[in-house]
Amino acid sequence: MCGIVGYAGRRDAAPVLLGGLQKLEYRGYDSAGVAVFEGGSLHIVRKKGRVKELAEALSLKGNVGVGHTRWATHGAPSERNAHPHTYGKFTLVHNGIIENALALKEECIARGEKFSSDTDTEVIAHLISWFYNGDFAVAVRAAAKRLAGSYALAVLCADFPDAIVCVRMKSPLIVGKGADGAYVASDLPAIAGEGVEAYALEDGDIAILRAEELSLYDGDLRPVKREKMQYSCREDAPELCGFRHFMKKEMAEIPVALRRAPLSAEGGNDGLAEALCRAEFIEIVACGTAYHAGLCAKHAFEGLCRVPTEVTVASEYRYRDPIVPRRTLCIAVSQSGETADTLAAAQLARERGAYLAAVTNVAYSSLTRMADAVLFTQAGREIAVAATKSFNAQLTVLYGLAARRAAALGIAAPPLEGLSVAAEGALAAAEGVRSWTPHFLSGKSVFFLGRGADYCTALEGSLKLKEITYLPSEGYPAGELKHGTLALIEKNTPVVAVVTQAALAEKTMNAVHEVYARGAKVFLVTSFAELARREEVTAAVVLPPCPEEYSPAVAVIPLQALAYYVAVARGNDPDKPRNLAKSVTVE
Ligand code: M6R
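Residues numbered from 1 in each chain as written. Predicted model: local features only at pLDDT ≥ 70, side-chain atom pairs only at ≥ 80, totals over all residues. Heavy atoms only, no water.

Undergrad: How should the environment of D203 be read in this particular structure?
TA: One can find D203 in the loop between β11 (197–200) and β12 (206–209). By relative accessible area, D203 is classed as partly exposed at 40%. Residues D203 and K444, spaced 241 residues apart in sequence, show a C-alpha to C-alpha distance of 46 Å. Among residues more than four places away in sequence, those in contact with D203 are R168, M169 and K170. (Helix = DSSP H or I, 4+ residues; strand = E, 2+ residues; numbered from the N terminus. Buried < 20%, exposed > 50% of the residue type's maximum accessible area, 1.4 Å probe, protein only. Contact = heavy atoms within 4.5 Å.)

Here is the structure:
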């Protein structure tokens, strides 16, 4: 989390830094800051809140500087804890978490050093200062060697006002060289618009940025070459194109994403084709929405081609001493390809012998570099913190893999190509949920029910609602309700039921009846028009035809829309929910 930028060149640094930070705000937005050398002396502007609060920094005239947009881990969101942090001659911005910060801080305090923030970051400036004997890069390298955890750093030194020294470990960092200077950022879009040749640093790499040159070194300060990143100008910040929020725009892009995704499902390489067909066990690791995509895919892998499939939350998998049976195909699913827990879980599965396939939306991510094969979801850049189109696209790619395995067994799976048309119909029908919003404004808990794959859709609907509306909500297996949760249902409690699986439809409707009998207001998302007419149902969205094996990719759309409309009605910004960030690059 957190986004960092830096620029050393011939232009004014402040607008470059602020422009970059705006494109990185999806990584965190509780405070922000920049530091710019102006005539040899450093000026720092730090503010609580979003990047737009830094407007006064635009008056700074200087060509070298760094910037930061924060998602707080150590220390409350405040100006005091906002980056850049300074000690002695060194000022720096940091993305990551320093796990041994406390021990290091005690060492510094024992030397008589004083701290001015509650962050783990400040200790890095102290360490660099301690190791400094006139060589900037050597001091940064020496300090980095003492750090445990993850970090991407961009460091300024008062003795070298023309330079920025960067280093990374387990946190992404992209450097670039353009005609007017050198750039660094946590993510490519922050600098892609500058027309630079960009390079992804690897763990331990050190980069030195100056107006005239960009120099790359390994962790022992030996010059290294890194592969030039291939990207198009589309990596630049996308526009709202008339939509009020990115979330709504990204939902509107679902049909296009679903048109592209099946092509990915056929892709990968020969190694993947072999691993897929030989797999005796599939392990899916992911977090959040991507985890829910994995849960939906389990139904397809087991239902269509009978391969035993487990889906594990990556943060659990990585610390669980997992069993990796022979011929395991591990599929790591991650929109960003940078989620720290997913990377660690995927790495562990691979070390234990699994073939690692990545399903990701970001071509140049850390996950793509680690995987044996990569399937791009091709959903296009997703800005809103709440994942929408990437989920639908992940599902399509995963269903495509299941269909490929089924085909190898001689089983004909339903075609994926119609999903895009079904998604268009679902988007149109989902407009109807706008009229449901008054029932969701009371602040009461909301329940999402389903069975089988519908339960997985319910989980995703519940996550979407809670993360942008801040309403307590729970996704529940419909059959499990009466074992405890039914006690929470009272008059007017909103309950959303998802019913797309023919064999389970009446079973779920039993649960609907039970909550209705206890006063709940029932909202239905279903493929079966006749269910919408039942007396228990307050309102319903009837979905267009879609093979039920793939229905979550379509049934989730009205639930995404519900979360969006309720968030807007409650006065929330659905693109930037409180306490969250788009990429969780720390544990
Ligand atoms: O980039 P990833 O797919 O790895 O991200 C995983 C989760 O952090 C993400 O899906 C999160 O749950 C979303 N905010 C949900 O909308």
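Undergrad: Is there a simple way to explain the site of the ligand in this structure?
TA: Of all residues adjacent to the ligand, which total 15 residues, the nearest are S334, Q335, S336, T339 and E467. With respect to the ligand, the side chain of S334 contributes an N or O atom lying 2.6 Å from an oxygen atom. A distance of 2.6 Å is found between an oxygen atom of the ligand and a side-chain nitrogen or oxygen belonging to S336. Broken down by secondary-structure element, the contributors of at least two residues to the shell around the ligand are α9 (288–305) and α15 (453–469). Classifying every residue of the shell around the ligand by side-chain character gives 7 nonpolar, 6 polar and 2 charged. Domain assignment of the residues forming the shell around the ligand places at least three in each of domain 2 (240–417) and domain 3 (425–574). (Near = heavy atom within 4 Å. Polar contact = N/O pair within 3.5 Å; in protein donor to acceptor, adjacent residues only side chain to side chain. Nonpolar A, V, L, I, M, F, W, Y, C, P; charged D, E, K, R; others polar. Domains from an automatic or database assignment.)

Undergrad: I'm lost on unusual backbone geometry in this one. Help?
TA: Glycine aside, a negative phi is what most residues show, and trans is what most peptide bonds show. Cis peptide bonds are those with omega within 30 degrees of zero, and the linkage from H83 to P84 qualifies with 0 degrees. Mapping P84 onto the fold places it in the loop between β4 (64–70) and β5 (85–87). Residue Y470 is not a glycine yet carries a positive backbone phi of 65 degrees. Position of Y470 among the secondary structure elements: in the loop between α15 and β20 (473–477). For Y470, a relative accessible area of 25% corresponds to the partly exposed category.

Undergrad: Hey, could you run me through the packing of aromatic side chains in this one?
TA: Given two aromatic rings, one states the distance between the centres and the angle between the planes to describe the pair. Taken as a whole and judged by the stated rule, the model has 8 aromatic pairs. Taken together, a centroid distance of 4.8 Å and an interplanar angle of 50 degrees make the contact between Y7 and Y183 tilted. Note that Y7 is positioned in strand β1 (residues 3–9) and Y183 in strand β10 (residues 181–185), a separation of 176 residues in sequence. Accessibility classification places Y7 together with Y183 in one group, the buried group. (Phe/Tyr/Trp six-rings, centres within 6.5 Å; stacked < 30°, edge-to-face > 60°.)

Undergrad: Please explain the nonpolar core as it appears in this structure.
TA: Nonpolar side chains in soluble globular proteins tend to be buried together. Residues F301, L329, I331, W436 and L562 are the most contacted members of the largest nonpolar core, which totals 88 residues. Broken down by element, this core gets its largest block of residues, 14 residues, from helix α18 (residues 552–569). Both domains that furnish three or more residues to this core are identified here as domain 2 (240–417) and domain 3 (425–574). If we ignore the near neighbours within four places in the chain, the residues touching L329 are L272, A275, L276, A279, F281, I282, E283, Y355 and A357. With 30 residues, the next largest nonpolar core counts Y183, A190, M229 and V362 among its residues. (Core = buried A, V, L, I, M, F, W, Y, C linked by side-chain atoms within 4.5 Å.)

Undergrad: Hey, could you run me through the pattern of salt bridges in this one?
TA: Opposite charge on two side chains lets them pair, provided their charged atoms get close. With the rule as written, the count across this model stands at 35 salt bridges. R318 is the salt-bridge partner of D341, the closest N and O atoms lying 2.7 Å from each other. Placement of D341 in helix α11 (residues 340–351) and of R318 in the loop between α10 (314–317) and β16 (328–334) is noted, with a sequence separation of 23 residues between them. As far as burial versus exposure is concerned, D341 and R318 are alike and both buried. Salt-bridge contacts for D372 lead to R350; the nearest nitrogen and oxygen are separated by 2.7 Å. Note that D372 is positioned in the loop between α12 (366–370) and β18 (373–376) and R350 in helix α11, a separation of 22 residues in sequence. With a relative accessible area of 26%, D372 lands in the partly exposed category. (Salt bridge = Lys/Arg side-chain N within 4 Å of Asp/Glu carboxyl O.)

Undergrad: How should I be thinking about the packing of α9 against helix α13 (residues 389–408) in this particular structure?
TA: For any two helices packed against each other, the geometry comes down to the angle between their axes and how far apart the axes lie. Contact pair α9 / α13: the axes reach a minimum separation of 9 Å and the direction vectors enclose 20 degrees. Taken as axis vectors, α9 and α13 run roughly parallel relative to one another. Handedness of the α9/α13 crossing: right-handed. Along the contact surface, α9 presents T289, A290, H292, A293, G294, C296, A297, A300, F301, L304 and C305, while α13 presents F391, Q394, L395, L398, Y399, L401, A402, R405 and A406. (Axes fitted to C-alpha atoms, helices over the stretch in contact; angles between N-to-C directions. Parallel < 35°, antiparallel > 145°, perpendicular 65-115°, else oblique. Left-handed = near helix turned anticlockwise from the far one by under 90°.)

Undergrad: Is there a simple way to think about the side chain of E460 in this case?
TA: Looking at the element boundaries, E460 is found in helix α15. A distance of 2.7 Å separates the side chain of E460 from the side chain of K464, its partner in a polar contact. Not counting the four nearest positions on each side in its chain, E460 is found in contact with T289, H292, A387, F391 and V556.

Undergrad: Hey, could you run me through the sheet that holds strand β23 (residues 537–542) in this one?
TA: Adjacent strands of a sheet pair through backbone hydrogen bonds, lying either parallel or antiparallel. Spatially, the 5 strands line up as an open sheet ordered β20-β19-β21-β22-β23, and their pairing is parallel. In this open sheet, the two strands that pair with only one neighbour each are β20 and β23. Averaged over all pairs of adjacent strands, the angle between their axes in this sheet comes to 20 degrees, without regard to strand direction. Sheet strands in contact with helix α16 (residues 505–517) are β19 (446–450), β21 (494–499), β22 (521–526) and β23, and its direction is about 170 degrees off that of β21. (Pairing = 2+ DSSP bridges.)

What is shown is where atoms sit, not what they do.
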